Amino acid sequence: MKLKQLAFLLPFVAVTANAEDIVISTDNNALVYNVADNGRVYQKYFGKKLKNASDYASMPNGQEIYITSGMEDYYEPALHIVHADGNPSTLLTYTGHKTSTLADGAKQTVISLSDKEYSDNVDVYFIVYPEHDIIKTYTTITNGEKKPIKLEKFASSMLHFDNGDYYLTQFNGDWASEANMSETKLEYGRKQLDTKLGARANMFCSPFFQLGIDSPAKENSGDLLVGTLGWTGNFRFTFEVDHKGELRVISGINPYASSRILKKGETFSTPEFIFTLSDEGQGKASRNFHDWARDHQLYKGNDTRMTLLNNWEATYFDFDENKLVNLIGEAKELGVDMFLLDDGWFGNKYPRHSDTQGLGDWDETKNKLPNGIGALTDAAKKNGVKFGLWIEPEMVNPKSELYEKHKDWVITLPNRDEYYFRNQLVLDLSNPKVQDYVFDIVDGLKTKYPDIAFFKWDCNSPITNIYSNYEKMDQDHLYVDYVKGLYNVLDRIQAKYPDLLMMMCSGGGGRSDYEGLKYFTEFWPSDNTDPIERLYIQWGFSQIFPAKTLCAHVTTWNRSTPVKFRTNVAMMGKLGFDLKLDDMSKDEVAYCKRAIKNYNSLKPVILEGDQYRLVSPYEGEHAATMYVGKNDGDAVLFTFDIYPRYKQQITKSESTVKLNGLNPSARYAVTEIDRTDGKDSKIGEYSGEYLMQVGIPLFTLNRLNSRVFSIKKI
Ligand code: DGJ
């Protein structure tokens, strides 16, 4: 490929480069900054790494690393400080940079900048995971002035491109329709993806994007930037194309209603923007993220995950001890690892018989659970399954004892009528006392019932009626301090209970970010478990999150879909069930039991292997995804026939699935497994080259048909 196609050069700004290049590189890419004669730092290059680092010296400088407000730039800045004297401009010059190796092997470079007029300092951090082609970047901003300053804008990252054509893929939707992918060509002007929901921050928009450089995003080819913000709150990505066709990408906390007063000497750290650059499209970018997440970010990233039976859709709020003990028995019968008790187990003055009351009162409802959670953990133990419990500790129903006692802990406007999202309000986690209260919920339950192995931590409401008793005159700090308060609680839980596993849930995928996943082992992508919808939702989330993070349950949503189809979709993530055995026929139960066994033996490939998305549900009536074991291992392939029409024909090429990620010179036996008749069926033996280049006809015209294939080296 020509250099022009690879390099995102920025040749138009006439600032001369001096000898000081700062090269931040992964195994395949380089991001190069230069300290110019005027002392300012410019992005010179971002693209495929060049063999001779000395070649970077001959490149001209581009745009500034972290453009500030009030100076000569006419577009969106990354940093806007209002200084103590009211001056809204900032000029940052280089004061030094240093590199070091972090405990997890990552390479860190910190570029230090300062506004000499005001003694404010900005450090720009880059943390590099070379073998994964992943870079994390964030900034710290320190007030060096004698009085408080105000941060109006404080991005985590600013990246520049000079390619002319840019194609943005966003992931948005709503409850039960998360992470829909759509692509737009960016033209002159500004496009922003952001959320202002506070908690349940990602209900409408996920905190990640893909940027096709020069051409639209493709699965296996093309230059593509994929970026995400590690922040469990309001985020904003700004994409701005200027009059010369140059693009700046600014990522960070959403500054909406969040200006920040920094006291003298105080430092504000922005969250991490995490990104990869792929020259083989979305597939490689996803695998970079999946590998990096398992090795470096995700809580217990290299551990396996438990299958489970959840009672939410099996019972909703209508259960008692007997029903639950029966379900625990069904968990055992199915052969899953854990039983998870969902919403509805707590509250006495206001028993939680529906979502209208009880949130905040975390005592077992006596007439439902006369012997407490202990009777359930005992039953689970007897049945040889683990026990998990649902909580929603950041929230309160106005109809609760907590609200009656501690209205001062609730985010609500003092002088207006309250309005509710799902009949509830959000607790004020900026207040350390509320942080203690939330920590104590988990600590109290774990102390009383040490056998609780897992929490499903839900968060169903955005921040509404926004006003904090605690923040007083600093109301603009609330959105950010809320998230920091949450992390404080999660840090304390993790330190005290390192073996505790937790699912991040927010009415479905309302929380889906990589900072959250430092504390949670997995997340609940959507309440929508209709398997056809899930093909799309999981396709979207898989762009950035590995299979072991994506909880996928077999339920009765769209129950006319064969249970095998529902199960096979769920097997592509972290498998669970959310139904009663009598929702199924005997044959279906027998099938599920076998499927769980199959899943257990496929887990190392699905959860730890490389994922290859082969055929997209967005493109037709079939879908296929495969997982290949690490180190040239065996593979597993899932194929789905969705909605073929009556009398529709299927051509040979439409029915053919070309595999990926195999060793071209190895030979493989392809066998259809996980069949409803319980018998495996041999398809044939082929070379890896044949399977990848020619492919085999595996799609059918059977309606709502799914197939699982084992691809084993001979
Ligand atoms: C929303 C979650 O997404 C569901 O799975 C379930 O836990 C309900 N909350 C319970 O209220």
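Our structure's up above, just so we're on the same page.
Residues numbered from 1 in each chain as written. Predicted model: local features only at pLDDT ≥ 70, side-chain atom pairs only at ≥ 80, totals over all residues. Heavy atoms only, no water.

S.K.: Which residues make up the overall build of the protein, and what values go with them?
M.R.: Regarding its fold elements, the protein presents 13 helices and 38 strands. Compactness check: the protein gives a C-alpha radius of gyration of 26 Å against a globular reference of 27 Å for 714 residues, within 12% of the reference. With respect to the three principal axes, the spread of C-alpha positions in the protein is 75 × 70 × 45 Å. Counting every position in the protein, which comprises 714 residues, the buried fraction comes to 63%. Counting only contacts in the protein whose residues sit at least 6 apart along the sequence, the fraction spanning at least 24 positions is 68%. When the accessible surface of the protein is split by element, carbon and sulfur atoms take 49% of a total near 26,400 Å². (Helix = DSSP H or I, 4+ residues; strand = E, 2+ residues; numbered from the N terminus. Rg over C-alpha atoms; globule rule 2.2 N^0.38 Å. Buried < 20%, exposed > 50% of the residue type's maximum accessible area, 1.4 Å probe, protein only. Contact = heavy atoms within 4.5 Å. Areas by Shrake-Rupley, 256 points an atom, 1.4 Å probe, with all protein chains shown as cover.)

S.K.: So, the site of the ligand: which residues are in play, and what are the values?
M.R.: Lining the immediate surroundings of the ligand are 13 residues, of which Asp-342, Asp-343, Lys-456, Asp-458 and Asp-527 lie closest. Here an oxygen atom of the ligand and a side-chain polar atom of Asp-342 are 2.7 Å apart. In the environment of the ligand, a nitrogen atom lies 2.7 Å from a nitrogen or oxygen atom belonging to the side chain of Asp-458. In the complex, the protein chains occlude 98% of the 290 Å² of accessible area that the ligand would expose alone. Classifying every residue of the shell around the ligand by side-chain character gives four nonpolar, three polar and six charged. (Near = heavy atom within 4 Å. Polar contact = N/O pair within 3.5 Å; in protein donor to acceptor, adjacent residues only side chain to side chain. Nonpolar A, V, L, I, M, F, W, Y, C, P; charged D, E, K, R; others polar.)

S.K.: Lay out the sheet that holds strand β10 (residues 157-161) with the relevant residues and their values.
M.R.: Paired through backbone hydrogen bonds, the strands of a sheet run either parallel or antiparallel to each other. Ordered by their spatial adjacency, four strands build an open sheet running β10-β17-β16-β13, and the pairing between neighbours is antiparallel. The open sheet has two free edges, formed respectively by β10 and β13 (189-194), since each of these has just one partner strand. Within this sheet the neighbouring strands show an average axis-to-axis angle of 15°, counted without direction. In this structure, strand β16 (residues 235-241) lies alongside strand β17 (residues 247-253), joined through seven bridges in antiparallel fashion. (Pairing = 2+ DSSP bridges. Axes fitted to C-alpha atoms, helices over the stretch in contact; angles between N-to-C directions.)

S.K.: Just give me the short version of the packing of aromatic side chains, but keep the residues and values in it.
M.R.: Taken as a whole and judged by the stated rule, the model has 41 aromatic pairs. Note on Phe-273 and Phe-275: the rings are 5.5 Å apart at their centroids and 20° apart in plane angle, and the pair reads as stacked. Here Phe-273 matches Phe-275 in class, with each residue buried. Members of the aromatic cluster, joined through ring pairs, are Tyr-129, Phe-171, Phe-208, Phe-289, Trp-292, Tyr-514, Phe-523, Phe-541 and Phe-545. A cation over an aromatic ring shows up here: Arg-534 above the ring of Trp-524, its NZ or CZ 4.8 Å from the ring centre. (Phe/Tyr/Trp six-rings, centres within 6.5 Å; stacked < 30°, edge-to-face > 60°. Lys NZ or Arg CZ within 6 Å of the ring centre and 35° of its normal.)

S.K.: Can you explain the pattern of salt bridges? Please cite residues and give values.
M.R.: One pass over the structure, following the stated rule, counts 43 salt bridges. A salt bridge links Glu-404 to Lys-349, with the shortest nitrogen-to-oxygen separation between them at 2.8 Å. Placement of Glu-404 in helix α6 (residues 401-405) and of Lys-349 in the loop between β22 (338-341) and α5 (372-382) is noted, with a sequence separation of 55 residues between them. The exposure class assigned to Glu-404 is partly exposed, which follows from its relative accessible area of 43%. Among the salt bridges present, the one from Glu-522 reaches Lys-574, with a minimum N-O distance of 2.5 Å. A residue pair is termed long-range when its members are at least 10 positions apart, and Glu-522 in strand β28 (residues 522-523) and Lys-574 in strand β30 (residues 574-577) qualify at 52 residues. The class of Lys-574 is buried, set by a relative accessible area of 1%. Several salt bridges share partner residues, and in doing so they unite Glu-76, Lys-153, Arg-190 and Arg-236 into one network. (Salt bridge = Lys/Arg side-chain N within 4 Å of Asp/Glu carboxyl O.)

S.K.: I'd like a rundown of the side chain of Asn-431, residues and numbers included.
M.R.: Tracing the sequence through the fold places Asn-431 in the loop between β25 (425-426) and α7 (432-448). Owing to a relative accessible area of 10%, Asn-431 belongs among the buried residues under this scheme. Residues within four places of Asn-431 in sequence aside, it is in contact with Trp-409 and Tyr-470.

S.K.: Describe helix α4 (residues 321-334), and please don't skip the residues or the numbers.
M.R.: Over its 14 residues, α4 extends 20 Å from the first C-alpha to the last, a length consistent with the 20 Å expected when each residue adds 1.5 Å. Among the residues of α4, those classed as buried are Glu-321, Leu-324, Leu-327, Ile-328, Glu-330, Ala-331 and Leu-334. Of the surrounding elements, those touching the buried residues of α4 are β21 (308-310), α3 (312-315), β22, α5, β30 and α11 (586-608). In this structure Asp-320 caps α4, since a side-chain oxygen of it lies 3.2 Å from the backbone nitrogen of Asn-322. In the segment just after α4, Gly-335 is the residue with positive phi, at about 95°. (Expected span 1.5 Å × (residues − 1).)

S.K.: Could you give an account of the side chain of Lys-136, with specific residues and numbers?
M.R.: Relative to the helices and strands, Lys-136 resides in strand β8 (residues 134-142). The exposure class of Lys-136 is buried, given its relative accessible area of 6%. Polar contacts involving the side chain of Lys-136 include one to the side chain of Tyr-129, which spans 3.4 Å. In terms of polar contacts, Lys-136 uses its side chain to reach the side chain of Glu-272, at 3.3 Å.

S.K.: I'd love a proper account of α11, names of residues and values included.
M.R.: Taking 1.5 Å per residue, 23 residues should reach 33 Å; α11 reaches 33 Å between its end C-alpha atoms and fits that length. Most pronounced at Leu-602, the bend in α11 amounts to some 60°, and the proline Pro-604 follows within four residues. (Bend = angle between axes of the 7 residues up to and from the residue.)

Note that every value here comes from positions in space, so none of it alone points to a role or purpose.
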